[in-house]
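Topology and contacts: notes
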Amino acid sequence: MNRVRAAAAVWAAAMAAGCGSRAVVSALPEQRGILPPIDFERPHHFLSMTHPHVDRFAVRDIHPAEGGAPWRWTGRNPTVRLRVSAREGLRIRADFVTAQESFAHTGPLTVRVRLNGCVAAVVKCDAEGEYRVNEEAPLECLERSGEQQLGLELDKAHRAPDGRVLGVILLRMGFTD
Amino acid sequence: MAKTLVLILLSAGFTAVSAWALGALLFRALKVRLYRQEERLFALLTGFSLLSLLVFGLAVAHLAYRGVFAAVAASLTLAALWMRLDKTEAPAQAPAPGRYRMLFAAAYMAYALLYVVHAMKPEISPDGAGYHLGHVARYLRAHGMAPTPHDMYGMLSQGAEMLFLFAFAYGRHSAAALVHCVFLFVLPLLMLAYARRRGFPQAGAAGAILAFAAPVTGVSGTAAYNDVAAAAVIFGCFYLLEIWDETQQNRLLIPAGLLAGFAFAIKYTAFLCLPYALGGVAWRLRKRPAELARAGALVSLAAGLMTAPWLVRNAVYYQNPLAPFFNAWFPNPYQDAGYEQVYRRVMRTYHEIRNPAELPRQVLYRGDVVQGLVGPVFVLAPLALLAARRREGRRLLAAGLVFALPYTQNIGARFLIPALPFVSLGMGLALARAPGLLAALVVLHAVLSWPAVVGKYARPHAYRLDGFPVRAALRIEPEEAFLGRAPSYRRARAIDRVVPPGAAVFTFSGIADSYANRDILTGYYSVETRTVWEMFSAAALEGSRPAWLADFRFPARSLARVRVVETASHETNVLGIAEIYLWRQNALLPREAQWRVTAWPNPWQASMALDNSAVTRWNSQLPLRPGFFFELRFGSPRIVDRVALLLQPLSHASRPRLEGDTGDGGWEVLAESAALIEWGEPLELRRMVNEEMRRRGVFYVLAQSGDAIYADLDAKRRWWGAEVVWEEDGAKLYRFTEARR
């Protein structure tokens, strides 16, 4: 019986060899070189309306946030300041909503997406709802300096009773690749 | 052509002869009383277990050379001849009644011919030519066992693969398939012999043909799979225990234990053979504790001899004796409990079986989703319950129930094969009083299971034997022409031609690994390969890209450590951090060499959140639970007032809290919650993947048209830094070079 017990103990030890958690603490790995550091204070290649400093990078026509909402009402020509090196393969991304509050007054809209003044895309908004721009950024429209202005140009907008010009609800604008 | 055929037949033949010689030596030493037919069958089965163990030992000792295997085969064959192991004085069993003998012989011969032709044709079964023989080929190249941390299938027990290795060394793929086919031939003979011993040869002959001709048995048993081997070994163990029960020859418990352990060594899901054997012994000897201890020890030690090598190998190689499963019990860097949960869930539904009523249809006659079918006559399987009128019937049904249990975890039709012999014999017994009906049922099953007939009712993509490929089996049609019709083969061969020796290739989905003499790293097979897969997804798939920050702000504190602690639960979401950033007064803290990082779960990948790459990440692997944490240690205190996490993936269910250690060793809450900021997808994610792949030494990637990444990789190859080095319709092999900025 003792032999049997000894064999059972060896068996259990083998079974338990990998058992349990171990404290695994690692050193810092070698740092990769492509990802730029995060800097909330400087223009980025992308600006979401959740960014803590939207107003700092808004050039025009982006209204103040309403109660901390992750979106902003725009005027007729919302434009933001971004930073990205000019290169091939960049795409323009803009997400916005045509909301009943203004759309009921304006009816169908034509939205031109302007990159540093160039028209990079045209969106026909025939109904209320979400729209996404995902178009290649024309290389010739990109500023070599890296400072870019990206905006929407609406063919019409609604003037609300409080005097604000309401265009669309903007969620985000920027570049992807 | 002739040389190939001779090598195939000799390799498989010598594997069987070597196994039989080992088994015959064992039975001669044991001096147990059996019938002649039983002696031969059990010698072969237990011999397979011993040969598998021997090959495992040779592989561990890195003696897996063709010459060594040839010497072993020659020695065992000569020993068998020298010792006249073929001679026996055991009595023969009483023959089965003439009509049933004829029926059995006719069906057996017809199907045996079909099966041998299929086993001899060039092997291209998905798993056989993939991982089963992929690992065999790897071991042969390395001349021994080697860890496969990137492949869950290499972590499974490989008792059958050890036999395949012995045959593969000379006869390559078809020899391995033929070895499995030997188990297929043995199974009905064992069933018949058992039934003859128990006095119901007619029912036995019928049951044997029901199991033997079942389409799923044929398609698995003629490929380099292991299901039929497991079934034969399980039935052999059952049979030996029945003889032991009848004759009380305790020495029979040694081969029974060997087979119980070998069942586990062949396939994890056959592990139930051991508790079945021990349970049977315990029940029989429940009133004789001293005998029970002795008998239990015999079974356990013999089984342990077969199971321990695999458990120890896995404990040593993978920190988990039961790898790639039970990772929650044995956490390790190679497989994770989170993916295991997903895998198990998928195996229980195969993605498509949502309606329980569909499962019987699939298993009986459709066979596409569950990868095989048992044949329509098994709709009468519930009749087997009538066999419970007899003691033998009750035992068969009990065993069938036990060995069907793993089916609850994997609904593939192959997972029914171990229970099939018991159910088939039960059906035979149930209908034994209506021999005409039973014979008609067997004939009907034999007709309905013939490939040409199956093709008329099964789904077009059912996994089954197709045709009678005698030209391919005899190599009249060249192997290259036959195999070349399979995309997975062409892609494997292309890898061999294009990729230099020693280089690894990443693939998102499986190919016929065994035909490529390169290391194939397949997408979902391991933590490492899933990490690579997720890197590609993070770069290319919308919704997978790291675009959101969890931003914690708090009054400046001097901290020795900070940690992010999850406070929420969710059934599927995980917590994932691509990068962590810390600030003091809007100045980003530079990372310092003395910083250390840990986490739970998945501490092994914690440092990936601090490598300044947005495509690598730490994640919890397991679905969210309160208490999961990610911890950063500064070495010496640092003043911090802001911490942000670049999340990957974004989980709306996650509620992380930030805690800090001010130096007294305790944790205090710095911020109960984080603001969620959409920071935007970092640019040049594809170039980051390129950098990471080259850093890992993986320069080649095979993308196939079903892969989610296929279109992006093709359309944006210059941004990936990937050049096409080989392509065909639906597949491209890329080499990663320096990516373009």
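A brief structural summary. Note that the structure is predicted; figures quoted are calculated from it, not measured. (Residues numbered from 1 in each chain as written. Chains lettered and ligands numbered in written order. Predicted model: local features only at pLDDT ≥ 70, side-chain atom pairs only at ≥ 80, totals over all residues. Heavy atoms only, no water.)

1. What to know about the nonpolar core
Burial of nonpolar side chains together is a common tendency in soluble globular proteins. Residue and element names in this part refer to chain B. Residues F48, F69, Y115, F183, F235, F262 and F378 are the most contacted members of the largest nonpolar core, which totals 176 residues. Of all the elements, helix α6 (residues 159–198) adds the most residues to this core, at 26 residues. Sequence-distant contacts of F235, that is, excluding residues within four places in its chain, are made with L187, L190, M191, Y194, P421, F422 and L425. Counting 37 residues, the second largest nonpolar core, distinct from the first, contains A539, V698, V701 and A722. (Core = buried A, V, L, I, M, F, W, Y, C linked by side-chain atoms within 4.5 Å. Buried < 20%, exposed > 50% of the residue type's maximum accessible area, 1.4 Å probe, protein only. Helix = DSSP H or I, 4+ residues; strand = E, 2+ residues; numbered from the N terminus. Contact = heavy atoms within 4.5 Å.)

2. Considering the state of the cysteines
Residues and elements named next belong to chain A. All chains considered together, the criterion is met by one disulfide over all chains. C118 shares a disulfide with C141; S-S distance 2.5 Å. Where C118 bonds to C141 through sulfur, the torsion about that S-S bond is close to -105 degrees, and the disulfide is left-handed. With C118 in strand β7 (residues 118–125) and C141 in the loop between β8 (129–136) and β9 (147–154), this pair connects stretches of sequence that are 23 residues apart. (Disulfide = S-S within 2.5 Å.)

3. Some words on the sheet that holds strand β13 (residues 722–728) of chain B
Pairing between the strands of a sheet comes from backbone hydrogen bonds, and it takes one of two forms, parallel or antiparallel. All names here are of chain B. Taken together, the five strands give an open sheet; going across it, the order is β2-β1-β12-β14-β13, and neighbouring strands pair in mixed fashion. Where the open sheet ends on each side, the last strands, each with one partner, are β2 (519–522) and β13. The average angle at which neighbouring strand axes cross in this sheet is 25 degrees, direction not considered. (Pairing = 2+ DSSP bridges. Axes fitted to C-alpha atoms, helices over the stretch in contact; angles between N-to-C directions.)

4. Focus on the interface of chain A and chain B
Taken together, the contact pairs 49 residues of chain A with 61 residues of chain B. Where chain A abuts chain B, roughly 4,800 Å² becomes buried across the two surfaces, and 60% of that area is made up of carbon and sulfur atoms. On inspection of chain A and its partner chain B, the count reaches seven salt bridges. Notably, a salt bridge pairs R172(A) with E678(B), separated by 2.6 Å at the nearest N-O pair. (Buried area = accessible area lost by both parts, 1.4 Å probe. Salt bridge = Lys/Arg side-chain N within 4 Å of Asp/Glu carboxyl O.)

5. Some details on the environment of F634(B)
Residue and element names in this part refer to chain B. Along the chain, F634 turns up in strand β8 (residues 629–647). F634 gets classed as buried once you look at its relative accessible area, which sits at 0%. Between the C-alpha atoms of F634 and R561, which are 73 residues apart in sequence, the distance is 5.9 Å. Residues in contact with F634, not counting those within four places in the same chain, are L559, A560, R561, V562, L582, Q594, W595 and V640.

6. Quick look at the packing of aromatic side chains
Residues and elements named next belong to chain B. A full pass over the atoms with the stated rule returns 48 aromatic pairs over all chains. With a centroid separation of 5.4 Å and an interplanar angle of 50 degrees, the aromatic rings of Y276 and F403 are classed as tilted. With a gap of 127 residues between them, Y276 in helix α11 (residues 273–284) and F403 in helix α15 (residues 391–404) connect regions that are remote in the sequence. In this pair, the class of Y276 matches that of F403, namely buried. Ring geometry for F325 against Y343: centres 6.2 Å apart, planes inclined by 40 degrees, an arrangement best described as tilted. Taken together, the residues F325 in the loop between α12 (289–318) and α13 (337–349) and Y343 in helix α13 connect sequence positions 18 residues apart. Its relative accessible area of 17% is what places F325 among the buried residues. Taken together, the ring pairs connect F42, Y194, F200, F235, F238, Y239, Y276, F403 and F422 into an aromatic cluster. (Phe/Tyr/Trp six-rings, centres within 6.5 Å; stacked < 30°, edge-to-face > 60°.)

7. Focus on empty space enclosed by the protein
All names here are of chain B. Per the stated rule, a full pass over the model turns up eight cavities of 30 Å³ or more. In this structure, the largest cavity occupies an estimated 110 Å³ of space. Residue lining of the largest cavity: 14 residues in total, with G134, R138, D513, R518 and I520 positioned closest to the centre. Among the elements of the structure, α5 (126–142) and β2 are those that each provide at least two residues to the lining of the largest cavity. For the lining of the largest cavity, the element with the most residues is α5, which contributes six residues. Split into classes, the residues belonging to the lining of the largest cavity amount to four nonpolar, four polar and six charged. Mapped onto the domain boundaries, the lining of the largest cavity takes at least three residues apiece from domain 1 (2–317 + 433–450) and domain 2 (491–538 + 685–736). (1 Å grid on protein atoms, 1.4 Å probe; cavity = no way out; pocket = protein on both sides within 12 Å on 5 of 7 lines; lining within 4 Å. Points joined across faces, edges and corners; volume = space filled by probe spheres on them. Nonpolar A, V, L, I, M, F, W, Y, C, P; charged D, E, K, R; others polar. Domains from an automatic or database assignment.)

8. Describing the packing of helix α4 (residues 98–120) of chain B against helix α17 (residues 435–448) of chain B
Residue and element names in this part refer to chain B. At a closest axis distance of 11 Å, the pairing of α4 and α17 adopts a crossing angle of 10 degrees. Taken together, α4 and α17 sit at an angle that is classed as roughly parallel. Contact with α4, carried on its side by R99, Y100, L103 and Y111, involves P435, L438, A439, V442, V443, H445 and A446 of α17 and no other residues of that element. (Parallel < 35°, antiparallel > 145°, perpendicular 65-115°, else oblique.)

9. Brief notes about the pairing of strand β12 (residues 169–176) of chain A
Residues and elements named next belong to chain A. Counting buried positions over the eight residues of β12 gives eight, a clear majority of the element. Relative to β12, strand β2 (residues 46–48) runs antiparallel, the two sharing three bridges. The partner of S48 across the bridge, within β12, is R172. Bridge analysis of strand β4 (residues 72–83) against β12 gives two bridges, and the strand direction is antiparallel. Its bridge partner being in β12, W73 is matched across the sheet by I169. As defined by bridge partners, strand β5 (residues 91–98) adjoins β12 across seven bridges and the pair is classed as antiparallel. Bridged to R91 within β12 is T176.

10. What to know about helix α1 (residues 2–30) of chain B
It helps to recall that an α-helix has 3.6 residues per turn; residues three or four apart then point in one direction. Relative to the 42 Å expected for 29 residues at 1.5 Å per residue, α1(B) spans 41 Å between its end C-alpha atoms, a close match to the ideal helical length. Following α1(B) by one or two positions, K31(B) adopts a phi angle in the positive range, close to 55 degrees. (Expected span 1.5 Å × (residues − 1).)

11. What about the pattern of salt bridges?
What the rule picks out here adds up to 63 salt bridges over all chains. The closest approach of N and O atoms between R32(A) and D611(B), which form a salt bridge, is 4.0 Å. In this pair, R32(A) sits in the loop between β1 (26–27) and β2 while D611(B) sits in the loop between β6 (596–600) and β7 (618–619), so the two residues belong to two different chains. Accessibility classification places R32(A) together with D611(B) in one group, the buried group. Where D39(A) meets R42(A), a salt bridge forms, and the shortest distance between an N and an O atom there is 3.9 Å.

12. As for unusual backbone geometry
All names here are of chain B. Cis geometry marks the peptide bond from A323 to P324, where omega comes out at 10 degrees. The topology assignment puts P324 in the loop between α12 and α13. With an omega of 0 degrees, the peptide bond between W600 and P601 qualifies as cis. Inspection of the secondary structure assignment puts P601 in the loop between β6 and β7. Here the phi dihedral of H143 falls at roughly 60 degrees; this positive angle occurs in a residue that is not glycine. Following the sequence through the fold, H143 ends up in the loop between α5 and α6. Positive phi outside glycine occurs at Q371, with the angle close to 55 degrees. By secondary structure assignment, the location of Q371 is in the loop between α14 (358–366) and α15. On the basis of relative accessible area, Q371 is assigned to the partly exposed category, the value being 35%.

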